[in-house]
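# Inside the fold
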Amino acid sequence: MSASKKVKNALISVYYKDNLEPIIHLLHKHGVNIYSTGGTESFIKDLGVPVIPVEELTSYPSILGGRVKTLHPKVFGGILARRELDTDLAQLAQYEIPEIDLVIVDLYPFEETLASGAAEQDIIEKIDIGGISLIRAAAKNFKDVIIVSSKNDYTFLHEVLEKQEGNSTLADRKEFAKRAFNTSSHYDTAIFNYFNEEQPLTVFKQSVQQSQTLRYGENPHQQGVFFGDLNAMFEKLNGKELSYNNLVDVDAAVELIKEFEEPTFAILKHTNACGLASRASLKQAWIDALAGDPVSAFGGVIICNRVIDAETAKEIHSLFCEVLIAPGFDSEAVSLLSEKKNRILLVQKNVALPSKQFKTLLNGVIEQDKDLSMEGIAEMRAVTNKVPTEQEYNDLAFANKLVKHTKSNTIILAKGQQLLASGVGQTSRVDALKQAIVKAEAFGFDLNGAVMASDAFFPFPDCVEIAGKAGITAVIQPGGSIKDQDSINYCNENGLAMVMTGVRHFKH
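Quick look at the structure, then.

Definitions and cut-offs
Residues numbered from 1 in each chain as written. Predicted model: local features only at pLDDT ≥ 70, side-chain atom pairs only at ≥ 80, totals over all residues. Heavy atoms only, no water. Helix = DSSP H or I, 4+ residues; strand = E, 2+ residues; numbered from the N terminus. Buried < 20%, exposed > 50% of the residue type's maximum accessible area, 1.4 Å probe, protein only. Pairing = 2+ DSSP bridges. Contact = heavy atoms within 4.5 Å. Axes fitted to C-alpha atoms, helices over the stretch in contact; angles between N-to-C directions. Parallel < 35°, antiparallel > 145°, perpendicular 65-115°, else oblique. Nonpolar A, V, L, I, M, F, W, Y, C, P; charged D, E, K, R; others polar. Phe/Tyr/Trp six-rings, centres within 6.5 Å; stacked < 30°, edge-to-face > 60°. Patch = residues over 30% accessible without salt bridge, like charges linked within 9 Å, V, L, I, M, F, W, Y side chains within 5 Å. Areas by Shrake-Rupley, 256 points an atom, 1.4 Å probe, with all protein chains shown as cover. Salt bridge = Lys/Arg side-chain N within 4 Å of Asp/Glu carboxyl O. Arc of directions from axis to C-beta. Polar contact = N/O pair within 3.5 Å; in protein donor to acceptor, adjacent residues only side chain to side chain. 1 Å grid on protein atoms, 1.4 Å probe; cavity = no way out; pocket = protein on both sides within 12 Å on 5 of 7 lines; lining within 4 Å. Points joined across faces, edges and corners; volume = space filled by probe spheres on them.

### Digging into the side chain of R429
Inspection of the secondary structure puts R429 in helix α17 (residues 429–442). By relative accessible area, which is 10% here, R429 ends up buried.

In structure tokens form, the structure reads like this:
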């Protein structure tokens, strides 16, 4: 069997007709017989190119409101016949079935219809039957048939047929088959996930078509790819391409800033906030966020929840940072901040984010719900004789938002809606607290009247004892230890207020 095959007969039935015209004219130039249906048939006729209605081949009209058009042995026989088998060719001759060498077919826009909020019946009608069957049949018989399943492949098809004068190689056909099975598997995954929303089967199916190759992965010797549509999430105004590590930090920053309503700046390094403050003015929020740890801020990822004005931009400009994210930038701010050509400026768009998280682990994948819980003052239960003051309650709520988004084991020290210091990623909660105290003192913060937040319970009273001696006056923690009372007793004996939320916020 020759690896090169000439296209003699083509079946074309597509929903999207953009950029199809050049292919029609090229096929006509090479004397290809074209079979088609419905709107595609009319489109080809309007181009002045001869076209044979599929109904003439099958002797059956399109029925059931268009649900059945191409599902017929005279169509599928011509696609699936194995040209190297005399028995298959004999049956084609017996039943007057033409060999179909090229199939161009796409699928009803199921995902687009679903995203539009359409009614269930409209969504169901966009589940393609004939198209998906044609794609699978032609891709299966790639030894003899070219299958084009997406308008994105029209240019490639045109290049192949033009360069080879209407012929294709086996390698070409196998490449088209690979792309076709990618199309069909993605389509089926989208349909399955739609049906799997209520009383879901415990299976893992994800399919993301868009991708962006990154400069490298976590380290230069690792390859990295982002799967998704970053352009839907951000508008990039300046800077180099986002790296793997940039993206990990940007994700952490986006999740963190969602917790805050008042003007807030956060500075992150390795997914942890090293500076964060909420203030009445954005400029002051930046100044106080930077004060939290001006050393770690170097080369970090910065995010805020207000449009950055020129005055604030002038304060930021002196700091080297990898990425700066905001809902918008004044024109003067953009001009100034873009003076550093590698500084990445991102305008964050309002995009719904997934409610599930997953990652590869061992020889499989683990998936979980995102931690969307956030306990405010109303959910805090005072467990000590001393009740927090109004200011302490506000600072406890602020610190609790931070602790949720910081690597465990973690301790957050805060005062006046400002992060004073944190201890992150420690194997001991005591070590996390000591780390936070040392950092706070190193940057000149007075811990008297500050609050402490912990991502998990205290198994012993040592943390509240250390915190109390450092000047901390109020504590927030989930509680749940069999020795909670020991920590409560220490607070009562030493004048500290403590509240419990009942919700743990581990982050690994």
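### Comments concerning the sheet that holds strand β4 (residues 52–53)
Strand order in the open sheet formed by five strands is β4-β3-β2-β5-β6, and the pairing between neighbours is parallel. At either margin of the open sheet sits one strand with a lone partner, and together these are β4 and β6 (146–148). Here helix α9 (residues 154–163) sits on the sheet and contacts β5 (102–105) and β6; the angle it forms with β6, its principal contact strand, is near 150 degrees.

### Considerations on the packing of α9 against helix α10 (residues 170–195)
For the pair α9 and α10, interaxial distance at closest approach is 12 Å and the crossing angle is 170 degrees. Between α9 and α10, the crossing angle belongs to the class labelled roughly antiparallel. Along its contact with α9, which presents F156, L157 and V160, the element α10 presents D172, E175, F176 and R179. A breakdown of the residues in the contact of α9 with α10 according to their chemical character gives four nonpolar, no polar and three charged.

### Overview of the packing of aromatic side chains
Within the structure shown, the criterion is met by ten aromatic pairs. Taken together, a centroid distance of 6.3 Å and an interplanar angle of 70 degrees make the contact between F110 and Y187 edge-to-face. One end of the pair, F110, is in helix α6 (residues 110–115); the other, Y187, is in helix α10, and 77 residues separate them in sequence. Judged by relative accessible area, Y187 falls into the buried class, the value being 7%.

### What to know about a nonpolar patch on the surface
Side chains of F204, F358 and V365 sit close together on the surface and give an oily, nonpolar patch of about 260 Å² of accessible area. Looking at the element boundaries, F358 is found in strand β16 (residues 356–361). A relative accessible area of 42% places F358 in the partly exposed class.

### As for the sheet that holds strand β11 (residues 264–269)
An order of β10-β15-β14-β13-β11-β12 is seen for the six strands of this open sheet, with the pairing classed as mixed. Strands at the two margins of the open sheet, each flanked by one partner only, are β10 (234–238) and β12 (272–278). Here the strands of the sheet are splayed against their neighbours by 20 degrees on average, with no regard to which way each runs. Two strands pair when backbone bridges link them, and β11 and strand β13 (residues 300–304) are joined in this way by four bridges, in the antiparallel orientation. Its bridge partner lying in β13, I267 is registered against I302. Its contacts with the sheet put helix α13 (residues 282–291) on β11, β12 and β13, and the angle it makes with β11 is roughly 30 degrees.

### Description of helix α14 (residues 310–317)
Because each turn of an α-helix spans 3.6 residues, side chains separated by three or four positions end up pointing in the same direction. Along α14, the positions that sit buried rather than exposed are A310, T312, A313, I316 and H317. Down the axis, α14 shows its buried residues gathered within 155 degrees of arc, on one side only. Taken together, the buried residues of α14 touch β11, α13, β13, β14 (321–326) and α15 (331–337). The N-cap residue of α14 is D309: its side-chain oxygen and the backbone nitrogen of E311 are 3.2 Å apart.

### Some remarks on unusual backbone geometry
The step from S408 to N409 runs through a cis peptide bond, and the omega angle for that step is -15 degrees. Note that N409 resides in the loop between α16 (390–404) and β19 (411–414). Positive phi, normally seen in glycine, also occurs at H270, with a value near 50 degrees. In this structure, H270 sits in the loop between β11 and β12.

### A closer look at the pattern of salt bridges
Taken as a whole and assessed by the stated rule, the structure comprises 23 salt bridges. Two residues, K8 and E99, come together in a salt bridge whose shortest N-O distance is 3.9 Å. Note that K8 is positioned in the loop between β1 (5–6) and β2 (9–13) and E99 in the loop between α5 (86–94) and β5, a separation of 91 residues in sequence. A relative accessible area of 42% places K8 in the partly exposed class. Owing to a relative accessible area of 23%, E99 belongs among the partly exposed residues under this scheme. In this structure, the salt-bridge partner of K356 is D369, at a minimum N-O distance of 2.6 Å. Of this pair, K356 sits in strand β16 while D369 is found in strand β17 (residues 364–369), placing the two residues 13 residues apart along the sequence. Members of the salt-bridge network, linked through shared partners, are K8, R83, E99 and D101.

### Digging into empty space enclosed by the protein
Inspection of the entire model under this criterion finds one cavity of 30 Å³ or more. Estimated volume of the largest cavity: approximately 30 Å³. Along its surface, the largest cavity is lined by C274, G292, D293, L419, L420, A421, S422, K439 and F443. Per element, the largest residue contribution to the lining of the largest cavity is four residues, and it comes from strand β20 (residues 419–423). Here the residues of the lining of the largest cavity are counted per class, giving five nonpolar, two polar and two charged.

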